[in-house]
Amino acid sequence: MSQYRIFNDEDAIAYVRQAAELGPNMVLQGEEIGDGNLNQVFKVCQPGSAKGFIVKQALPYIRCIGETWPLTRDRARIEAEILLYHGQYSPEYTVAVLHHDAALSAILLEDLTDYQVWRQALLNGQHFADAPVQLGTYLAQVHVHSSDFKLDYQGQRAAQLQFANPELMAISEAVYFVDPFCDHERNNVAPDIRSNAEQLWADSALKVRVARLKHDFRCNGQALLHGDLHTGSVMVAAGQLKVIDAEFGGYGPMGFDVGVMIANLLLNFCSQSTVPQQLLRIKDVQVLWRSYKTQFFQYASQTADAALTEPEYIGALLRQVWQDALGYAGCEMIRRTIGVAHVADIDNMTDPNQKTASQRQALALGRILIMNADKIDDAQLEHTALKHSA
Ligand code: SR1
Ligand code: MG
Ligand code: MG
Ligand code: MG
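Residues numbered from 1 in each chain as written. Chains lettered and ligands numbered in written order. Predicted model: local features only at pLDDT ≥ 70, side-chain atom pairs only at ≥ 80, totals over all residues. Heavy atoms only, no water.

Draft legend 1. Highlighting the overall build of the chain. Tallying secondary structure elements over the chain gives 14 helices and 12 strands in all. Taken along its principal axes, the extent of the C-alpha atoms in the chain is 65 × 55 × 40 Å. Counting all 390 residues of the chain, 56% fall into the buried class. Taking contacts inside the chain between residues at least 6 apart in sequence as the whole, the part at least 24 apart equals 71%. Carbon and sulfur atoms form 50% of the exposed surface of the chain, whose accessible area is close to 16200 Å². With 32 positive and 45 negative side-chain charges, the chain shows a spacing of 4 Å between the two charge centroids. (Helix = DSSP H or I, 4+ residues; strand = E, 2+ residues; numbered from the N terminus. Buried < 20%, exposed > 50% of the residue type's maximum accessible area, 1.4 Å probe, protein only. Contact = heavy atoms within 4.5 Å. Areas by Shrake-Rupley, 256 points an atom, 1.4 Å probe, with all protein chains shown as cover. Lys, Arg positive; Asp, Glu negative; His and termini not counted. Charge placed at Lys NZ, Arg CZ, Asp CG, Glu CD.)

Below is the structure:
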């Protein structure tokens, strides 16, 4: 079964049977369960069994757009390799890749049936207090271990080549840093906030900051990023967390991953109507950052590179990562409000006036973060965010 074809349920079952070596007599059922923007996702299991296997297959185009936006199927191989690499250093928090087939553009993943998507949990009003601590640890583990703290010059260059992901990262560059800052046809701007979007498009000082963030996204290959770490890429269960969906990964600035996650918590913050719920999200951001900083310091301090061991250097680097993170968080908040791909936290709000207020808040807070990234520390975030509350 090595010839690529777009899987139907039976194809997914046949792939699982072969990849997981289940034998011809085991009865299996499969169905497509994907709701993401890019790929097909199947669940395959024995009848009556809640847990089985997950098959993710890349299509030769972007699923949510259709065949008019072709996209390399090689993203499945790249994603599998990134998850395997991250899984070496963060096995507790990275979804397990059980098999992958480059020709079929298919990945066999552990079934996280006992988990729920963090974004959905947040939408349901559930609070997973451990999740920010765990995510901070995950990010520190995968960032430090793919960086110059752990790899020598040749090793890091080789990794940058191995995980080169030009097509997907070019999409990220376009949808984070280009489209939302001009009147692009791919944008999805609600009529009520068009004037707010137009203000951003005319804001030269903002565009200067965004140009710098875009430059660093392309040129500052610090670590092997997840590349799309929003709350929909995180599965949570009581005391447990797994990161999924790394197809946008590749080498880039560490602050990008941190910032995208911060932004998604802040987008949820913008959708909340009560101060206690808002404060929970701010606390999530602060806990995430403090966990990242602590763990990063610990792993980075154990470097074998004598030139990088000074605590003052690691501290200065972390301050820069925080500043970068706030800038990237601002871009994510803006692009998820007026760009091609939005978030359910705000899009699903039922009161149109509250939704418009939340969208305006997301744009305003996003801009503030980009413009003041060098002035806001994690303790001040609460004040900054509440000041721009609807
Ligand atoms: C056109 S692709 C838009 C977005 O979908 C994915 O989930 C990524 O976030 C990407 O930026
Ligand atoms: Mg079906
Ligand atoms: Mg997904
Ligand atoms: Mg994704």
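Draft legend 2. Local environment of the packing of helix α9 (residues 254-271) against helix α13 (residues 352-371). Across the interface, α9 lies against α13 with an axial gap of 9 Å and an inter-helix angle of 140 degrees. With respect to each other, α9 and α13 are oriented oblique. For the element pair α9 and α13, the recorded crossing hand is right-handed. Within the contact between the two elements, α9 uses Leu-266, Leu-267, Phe-269, Cys-270 and Ser-271 and α13 uses Ser-358, Gln-361, Ala-362, Leu-365 and Leu-369. Split by residue class, the contact of α9 with α13 holds seven nonpolar, three polar and no charged. (Axes fitted to C-alpha atoms, helices over the stretch in contact; angles between N-to-C directions. Parallel < 35°, antiparallel > 145°, perpendicular 65-115°, else oblique. Left-handed = near helix turned anticlockwise from the far one by under 90°. Nonpolar A, V, L, I, M, F, W, Y, C, P; charged D, E, K, R; others polar.)

Draft legend 3. Focus on the pairing of strand β6 (residues 97-101). Summarising the sheet, β6 and strand β7 (residues 106-110) pair through four bridges and their orientation is antiparallel. Among the inter-strand pairings, Val-97 is bridged to a residue of β7, identified as Leu-109. What sits between β6 and β7 in their antiparallel hairpin is a turn of four residues, with Ser-105 showing a positive phi close to 55 degrees. (Pairing = 2+ DSSP bridges.)

Draft legend 4. How the structure looks around the sheet that holds strand β10 (residues 234-237). Here we have three strands laid out as an open sheet, ordered β8-β10-β11, and antiparallel in their pairing. Each of the sheet's edge strands pairs with one partner strand only, and the pair in question is β8 (116-117) and β11 (240-243). Alignment of β8 against β10, held across two bridges, turns out to be antiparallel. Along β10, the bridge assignment pairs Val-117 with Met-235.

Draft legend 5. Local environment of the domain arrangement of the chain. Along its sequence, the chain is organised into domain 1 (9-110) and domain 2 (116-387). For domain 1 versus domain 2, the distance between C-alpha centres works out to 26 Å. Where domain 1 abuts domain 2, roughly 2400 Å² becomes buried across the two surfaces, and 64% of that area is made up of carbon and sulfur atoms. Together, Tyr-85, His-86 and Tyr-93 form the three largest contributors to the area buried by domain 1 at its contact with domain 2, with a combined 29%. (Domains from an automatic or database assignment. Buried area = accessible area lost by both parts, 1.4 Å probe.)

Draft legend 6. Molecular detail of the packing of aromatic side chains. Overall, the coordinates contain 15 aromatic pairs when judged by the stated rule. Residues Phe-177 and Phe-217 carry aromatic rings whose centres are separated by 5.4 Å and whose planes lie at 55 degrees to one another, so their mutual orientation is tilted. Here the residue Phe-177 occupies a position in helix α6 (residues 166-178), and Phe-217 occupies one in helix α8 (residues 204-219), the gap between them amounting to 40 residues. Here Phe-217 falls in the buried class, since its relative accessible area comes to 4%. Taken together, a centroid distance of 5.0 Å and an interplanar angle of 45 degrees make the contact between Trp-289 and Trp-322 tilted. Taken together, the positions of Trp-289 in helix α10 (residues 275-301) and Trp-322 in helix α11 (residues 311-338) put the pair 33 residues apart, joining distant regions of the chain. (Phe/Tyr/Trp six-rings, centres within 6.5 Å; stacked < 30°, edge-to-face > 60°.)

Draft legend 7. Seen up close, the state of the cysteines. One pass over the structure, following the stated rule, counts zero disulfides. No disulfide involves Cys-331; its nearest neighbouring cysteine sulfur is the one of Cys-182, lying 13 Å away. With relative accessibility at 0%, the residue Cys-331 sits in the buried group. (Disulfide = S-S within 2.5 Å.)

Draft legend 8. Main features of helix α5 (residues 153-162). For α5, every residue scored as buried is listed here: Gln-156, Ala-159 and Gln-160. Projected down its long axis, α5 shows its buried positions confined to an angular sector of 100 degrees, all on one face. Turned more than 90 degrees away from the buried face of α5, the exposed residues are Gln-154 and Leu-161. Each element contacted by the buried residues of α5 is listed here: β12 (250-252). (Arc of directions from axis to C-beta.)

Draft legend 9. Quick peek at the nonpolar core. Ranked by size, the top nonpolar core spans 58 residues in total, and within it Trp-118, Leu-135, Tyr-292 and Phe-296 carry the most contacts. In terms of residues, this core owes the most to one element, α9, which gives 10 residues. In this structure Trp-118 touches Phe-128, Ala-131, Pro-132, Leu-135, Thr-231, Val-234, Val-236, Met-261, Leu-265 and Asp-284, once residues within four positions along its chain are discounted. Counting 31 residues, the second-largest nonpolar core is a separate cluster that includes Met-169, Val-175, Ala-197 and Ile-334. (Core = buried A, V, L, I, M, F, W, Y, C linked by side-chain atoms within 4.5 Å.)

Draft legend 10. Quick peek at the pairing of strand β1 (residues 29-32). Note that β1 and strand β2 (residues 39-45) share four bridges and pair antiparallel. Counted as the bridge partner of Glu-31 is Lys-43 from β2. Hairpin geometry of β1 and β2 is characterised by an intervening segment of six residues between the two adjacent antiparallel strands.

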